[in-house]
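# Working through the structure, step by step
The primary structure of each chain is shown beneath.
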Amino acid sequence: MTRALRDYDASCETTTRDYDASRETTTRAARLRREPRDYDARLRRELRDYDARLRRELRDYDASCETTTRAARLLCETTTRAARLRRELRDYSARLRRELCETTTRALRDYDASSARLRRELRDYDASCETTLRDYDASCETTTRAARLRRELCETTTRALRDYDASCDSFLLEQRFSVLEARHVKELHGLQRERQQLQDMLERQRCLVTQLQGELGTSTHNSTLLQKQQAILTDTVQQLLAMVTHCNDIPSTPKEEPVIFRNCAEIFRSGLTENGVHSIRPPNSTHTVKVFCDMKTRGGGWTVLQHRRDGAVDFHRGWKDYKMGFGDPSGEYWAGNDLIHLLTSSQEYSLQVQLKDAEGNEAYSHYSHFYIDAENKNYSLHAQGFSGSAGRTSSLTHPGTQFSTKDRDNDRCSCKCAQMASGGWWFEACGPSNLNGIYYAGVSNVVRYNGIKWYYWKGPSLMTTVTTMMVRPAGF
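In this text, all values refer to a predicted model and were calculated from it rather than measured experimentally.

### Points about the pairing of strand S3 (residues 302-308)
In terms of residue burial, S3 counts as a mostly covered element, since 7 of its 7 residues are buried. As paired strands, strand S2 (residues 289-294) and S3 are joined by 2 bridges and run antiparallel to one another. By the bridge assignment, aspartate 294 is partnered in S3 with tryptophan 302. Of the pairings in the sheet, the one linking S3 to strand S11 (residues 464-473) comprises 5 bridges and is antiparallel in character. Paired with histidine 307 across the strands is threonine 468, a residue of S11.

In structure tokens, the structure reads:
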């Protein structure tokens, strides 16, 4: 009986523990069922809050970017205007100095010339005055001699009359008197003419003296005016120099460094998604170059290396032109082998070749890995991973093919492919492609071996209207 009670108590205790355990398990299960729902609701609330906060931050960031852009533009314009004003002030100051020096030198030269002329005229006037005085003295002496002659005539006449009275030889006396009178009248007329000439000469000399005195006064007045103008110009130059010094003392706010992109993919990632010409600075280079960026083809971000569309640019050029590049990035151009090497050797790049024939058919060749060596290896080509619609196989030559131009033959053919096929390209033994050949417009059945060629798409008679070679990072 007692053992049965103990067994019953033990079974009751076991049942109670099992019930408690089952209830605890049920409670935990219910709690676990509620926790995902609570966690999901809390997570949704946090996501909504995070989304709202992110949107606010983006709006604030856009507003701050716009404000920063306006401030940077305004600062750049202000700095440019200040620099232009400084240059204009310097130029104006230098021009004023030159004009002042030239005006002063010219005025001094004119003053010296006029002074020398006045001195010469005064010397001439003194000489003429002396001559006039001598002539006047001579005329006075002549007048005195005429008066003496008149007296002598009177005395002679008186003596003659006395002689006439004495001798009564009237005829001879009258004849002698007439001769003497005619001679003295002639001498008197000559003396009167000389006197009139001397009076005219004195009048001319008097006018000349008056004119010289007027010119001397004018020269003195001009010299005074030039001195005043020189003083005014000196003050103006001093004021301009003070203004330039003040402008130079204005502290210039350092400009923000412009963003430099290494390729068109970085430009695309910055938010510029429209086709156009942009400036890039390739890796391991200190110079920026302009290239055309294709932001639409197969996701965009392509740096265009070669483009042809109308034959406006001559591609039959020498090594130096292909090394540095030629043409216009907005039209037909070759980016330059140095640029292609700097771009494709800095990281893994892929190559896209876009083609369009005269009938409007389009195709492409894509290479997942592409680069060229430096000039010391003649820009050897390396392209792998072909795919695309421009032929069943690649039209590019084998890896390691060197670049050739009309003035540097690096192909494996004795025929000089760059001369025969035209343009600069990776010819090998003239090879199945040449996108830099002569541009032939229109449709023709004539096979031209020196034209644009992509053999495994249209064979040797391809009449291409548009070709484009462009690259972008392989992981774009």
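### Here's the deal with the environment of serine 395
Following the sequence through the fold, serine 395 ends up in the loop between strand S8 (381-388) and helix H6 (417-421). When neighbours within four sequence positions are excluded, serine 395 is seen to be in contact with Tyr367, Pro432, Ser433, Trp454, Tyr455 and Tyr456. Separated by 3.1 Å, the side chain of serine 395 and the backbone nitrogen of tyrosine 456 make a polar contact.

### Section: the nonpolar core
Ranked by internal contacts, the top residues of the largest apolar core, which has 50 residues, are Trp334, Phe370 and Trp454. Once you skip the residues sitting within four places of it in the chain, tryptophan 334 turns out to touch Leu305, Gln306, Phe315, Tyr322, Gly325, Phe326, Ile340, Phe403, Trp426, Asn436 and Met469.

### What to know about the packing of aromatic side chains
With the rule as written, the count across this model stands at 13 aromatic pairs. Geometrically, the ring pair formed by tyrosine 322 and phenylalanine 403 is tilted, given 5.4 Å between the ring centres and 55° between the ring planes. Of this pair, tyrosine 322 sits in helix H4 (residues 319-324) while phenylalanine 403 sits in the loop between S8 and H6; the two residues are 81 residues apart in sequence, bridging distant segments of the chain. Taken as a pair, tyrosine 322 and phenylalanine 403 share a single burial class, namely buried.

### Considerations on helix H5 (residues 337-346)
Residues spaced three or four apart along an α-helix face the same direction, because each turn holds 3.6 residues. Buried within H5 are the following residues: Asn337, Leu339, Ile340, Leu343 and Thr344. Angular distribution of buried residues about the axis of H5 spans 155°; they occupy a single face of the element. Among the structural elements, S2, S3, H4, strand S5 (333-334), strand S6 (349-357) and strand S7 (362-372) are those in contact with the buried residues of H5.

### Some remarks on a nonpolar patch on the surface
Residues Tyr39, Leu43 and Leu47 make up a contiguous nonpolar surface patch of roughly 290 Å² in combined accessible area. Checked against the element boundaries, leucine 43 lands in helix H1 (residues 2-167).

### Considerations on a positive patch on the surface
A contiguous patch of positive charge on the surface is contributed by Arg81, Arg84, Arg87 and Arg90. In this structure, arginine 87 sits in helix H1.

### Structural notes on the side chain of asparagine 410
Residue placement: asparagine 410 occurs in the loop between S8 and H6. The class of asparagine 410 is buried, set by a relative accessible area of 19%. At 2.8 Å, the side chain of asparagine 410 forms a polar contact with the backbone oxygen of phenylalanine 403.

### Quick word on the environment of glutamate 332
Among the structural elements, glutamate 332 can be located in the loop between strand S4 (326-327) and S5. C-alpha separation for the pair glutamate 332 and aspartate 314, spaced 18 residues apart in sequence, amounts to 9.3 Å. Non-local contacts of glutamate 332, meaning those with residues more than four positions away in its chain, are made with His307, Arg308, Arg309, Asp310, Gly311, Ala312, Val313, Phe315, Gly327 and Tyr439. Side-chain polar atoms of glutamate 332 contact the backbone nitrogen of aspartate 310, separated by 2.8 Å. A polar contact of 3.1 Å, which involves the side chain of glutamate 332, links it to the backbone nitrogen of alanine 312.

### Let's talk about the state of the cysteines
For the structure shown, the criterion picks out 3 disulfides. Here cysteine 413 engages in a disulfide with cysteine 415; their sulfurs sit 2.4 Å apart. Between cysteine 413 and cysteine 415 the disulfide shows an S-S torsion of about 125°. By sign, it is right-handed. With relative accessibility at 22%, the residue cysteine 413 sits in the partly exposed group. According to the relative accessible area criterion, cysteine 415 is partly exposed, its value standing at 32%. A disulfide bridge connects cysteine 417 with cysteine 430, and the sulfur atoms are separated by 2.1 Å. Here the disulfide of cysteine 417 and cysteine 430 is left-handed, its torsion about the S-S bond being about -90°. Within this pair, whereas cysteine 417 is found in helix H6, its partner cysteine 430 is found in the loop between H6 and strand S9 (433-434), the two being separated by 13 residues in sequence. Here cysteine 417 falls in the buried class, since its relative accessible area comes to 0%. Classification of cysteine 430 as buried rests on a relative accessible area of 13%. Regarding the disulfides, the protein chain carries the connectivity 1-2, 3-4, 5-6 under sequence-order numbering of its bonded cysteines.

Conventions adopted
Residues numbered from 1 in each chain as written. Predicted model: local features only at pLDDT ≥ 70, side-chain atom pairs only at ≥ 80, totals over all residues. Heavy atoms only, no water. Buried < 20%, exposed > 50% of the residue type's maximum accessible area, 1.4 Å probe, protein only. Helix = DSSP H or I, 4+ residues; strand = E, 2+ residues; numbered from the N terminus. Pairing = 2+ DSSP bridges. Contact = heavy atoms within 4.5 Å. Polar contact = N/O pair within 3.5 Å; in protein donor to acceptor, adjacent residues only side chain to side chain. Core = buried A, V, L, I, M, F, W, Y, C linked by side-chain atoms within 4.5 Å. Phe/Tyr/Trp six-rings, centres within 6.5 Å; stacked < 30°, edge-to-face > 60°. Arc of directions from axis to C-beta. Patch = residues over 30% accessible without salt bridge, like charges linked within 9 Å, V, L, I, M, F, W, Y side chains within 5 Å. Areas by Shrake-Rupley, 256 points an atom, 1.4 Å probe, with all protein chains shown as cover. Salt bridge = Lys/Arg side-chain N within 4 Å of Asp/Glu carboxyl O. Lys, Arg positive; Asp, Glu negative; His and termini not counted. Charge placed at Lys NZ, Arg CZ, Asp CG, Glu CD. Disulfide = S-S within 2.5 Å.

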